[in-house]
Amino acid sequence: MRTAHRLTATAALVCAAGLGLTGCFQSGPFPDLTGSQVADKSVDALRGASSLTVSGNVWDEGKPLQLNMAVSKSGDCKGTISSKEGSFELIRNSEAVYIKADEPFYRAQMTDLPKDQADAAVKQLAGHWLKTKASDPDMKDLAELCDLNQLLKEFDDSKGAQKGKTATVDGQEALTLTTKTTEGTETLLVATKGEPYLLKASIDGKEPADVTFSGINKPVQADAPAGKDVIDADAMG
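Residues numbered from 1 in each chain as written. Predicted model: local features only at pLDDT ≥ 70, side-chain atom pairs only at ≥ 80, totals over all residues. Heavy atoms only, no water.

### Observations concerning the overall build of the protein chain
Point 1. Each helix and strand counted, the protein chain has seven helices and 12 strands in total.
Point 2. Expressed as a percentage of the 237 residues in the protein chain, the buried residues total 35%.
Point 3. A separation threshold of at least 6 residues defines the contact pool for the protein chain, and within that pool the share at least 24 residues apart is 49%.
Point 4. Accessible area for the protein chain stands at about 14,300 Å²; split by element, carbon and sulfur atoms hold 52% of it. (Helix = DSSP H or I, 4+ residues; strand = E, 2+ residues; numbered from the N terminus. Buried < 20%, exposed > 50% of the residue type's maximum accessible area, 1.4 Å probe, protein only. Contact = heavy atoms within 4.5 Å. Areas by Shrake-Rupley, 256 points an atom, 1.4 Å probe, with all protein chains shown as cover.)

Spelled out as structure tokens, the structure:
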């Protein structure tokens, strides 16, 4: 018994000295990986998907936004984005970008115009699909919403992520990872069965945000709208 006790104590000392008190005698999901390694693996898994849907609440330039976007690796996307300043639907394929925005959205963009000009523009555009070439440089910011790699860049650095309890996301078991950042505590939920996809991410603090990733590898229906509701921006001059 004394020999067994000494062996156990020696093993614990070696473990502590070599791994900084972490990584030894682990149990649960991903026992051979650190929290940061699991986080990196989950983001890489999403990058390997052909498509996904990202939905939830985020911040842009200090303003909260709600989004629901289906995005493919090829750059096709379809979804909605809304804020206190209005909302719009977005469709992007290899040929064009289509935006259908409501009146509050356009009003917020036209505050510098005289009222009569703004009224005329809103009447013409609100509720209609505005078509623009996908290569138009003015569409660069919107194109980033349809860029899978760009969307996932926010999760590339999870140094110091700590493993926590398991939880469920839409019925899927997931491992909780937490990371302390200057903005707040980031929490990632990673699927423990099958591919280790990142299923949900959130951060608390001054600008809290949370997004879920679903519809993984499901085709994105980015068919172009048709009919008289479509306005060609190039034809408008």
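Next comes the rest of the description.
### A few points about a negative patch on the surface
Point 1. There is a patch of like negative charges on the surface, built from Asp60, Glu61, Asp141, Glu144 and Asp147.
Point 2. Along the chain, Glu144 falls in helix α5 (residues 140–145). (Patch = residues over 30% accessible without salt bridge, like charges linked within 9 Å, V, L, I, M, F, W, Y side chains within 5 Å. Salt bridge = Lys/Arg side-chain N within 4 Å of Asp/Glu carboxyl O. Lys, Arg positive; Asp, Glu negative; His and termini not counted. Charge placed at Lys NZ, Arg CZ, Asp CG, Glu CD.)

### Remarks on the environment of Ile91
Point 1. Within the secondary structure, Ile91 sits in strand β4 (residues 86–92).
Point 2. The exposure class assigned to Ile91 is buried, which follows from its relative accessible area of 4%.
Point 3. Separated by 20 residues in sequence, Ile91 and Val71 have C-alpha atoms that sit 10.0 Å apart.
Point 4. Ignoring sequence-local partners within four residues, the contact set of Ile91 consists of Cys77, Lys78, Ala96, Val97, Tyr98, Trp129, Ala222, Asp223 and Pro225.

### A few points about the pairing of strand β8 (residues 172–180)
Point 1. Note: strand β7 (residues 162–169) against β8, six bridges, orientation antiparallel. The residue of β8 that forms the bridge with Val169 is Gln172.
Point 2. Two strands pair when backbone bridges link them, and β8 and strand β9 (residues 185–191) are joined in this way by seven bridges, in the antiparallel orientation. In the strand pairing of β9, Leu175 is matched with Val190. (Pairing = 2+ DSSP bridges.)

### Examining the nonpolar core
Point 1. One finds Leu46, Met69, Leu90, Phe155, Leu198 and Phe213 to be the most contacted residues of the largest nonpolar core, which totals 50 residues.
Point 2. Ignoring any residue separated from it by four or fewer positions in sequence, one finds Leu90 in contact with Met69, Cys77, Lys78, Gly79, Val97, Tyr98, Ile99, Leu142, Leu145 and Cys146.
Point 3. Counting residues in hydrophobic clusters, the runner-up holds seven residues, among them Ala70, Ile91, Ala96 and Ala222. (Core = buried A, V, L, I, M, F, W, Y, C linked by side-chain atoms within 4.5 Å.)

### Structural notes on the state of the cysteines
Point 1. Scanning all chains against the criterion turns up one disulfide.
Point 2. At a sulfur-sulfur separation of 1.8 Å, the disulfide partner of Cys77 is Cys146. With Cys77 in strand β3 (residues 77–83) and Cys146 in the loop between α5 and α6 (148–152), this residue pair connects regions lying 69 residues apart in the sequence. (Disulfide = S-S within 2.5 Å.)

### Notes on the environment of Gly184
Point 1. As for its position among the elements, Gly184 is in the loop between β8 and β9.
Point 2. Note on Gly184: relative accessible area 15%, which makes it buried.
Point 3. Along the chain, Gly184 and Asp204 lie 20 residues apart, while their C-alpha atoms are 5.2 Å from each other.

### What to know about unusual backbone geometry
Note: most peptide bonds trans; most residues except glycine with negative phi.
Point 1. Although it is not a glycine, Phe30 sits at a positive phi angle of roughly 50°.
Point 2. Following the sequence through the fold, Phe30 ends up in the loop between α1 (2–19) and α2 (35–47).
Point 3. Overall, Phe30 belongs to the buried group, its relative accessible area being 17%.
Point 4. The phi angle at Asp170 is positive, at roughly 50°, despite the residue not being glycine.

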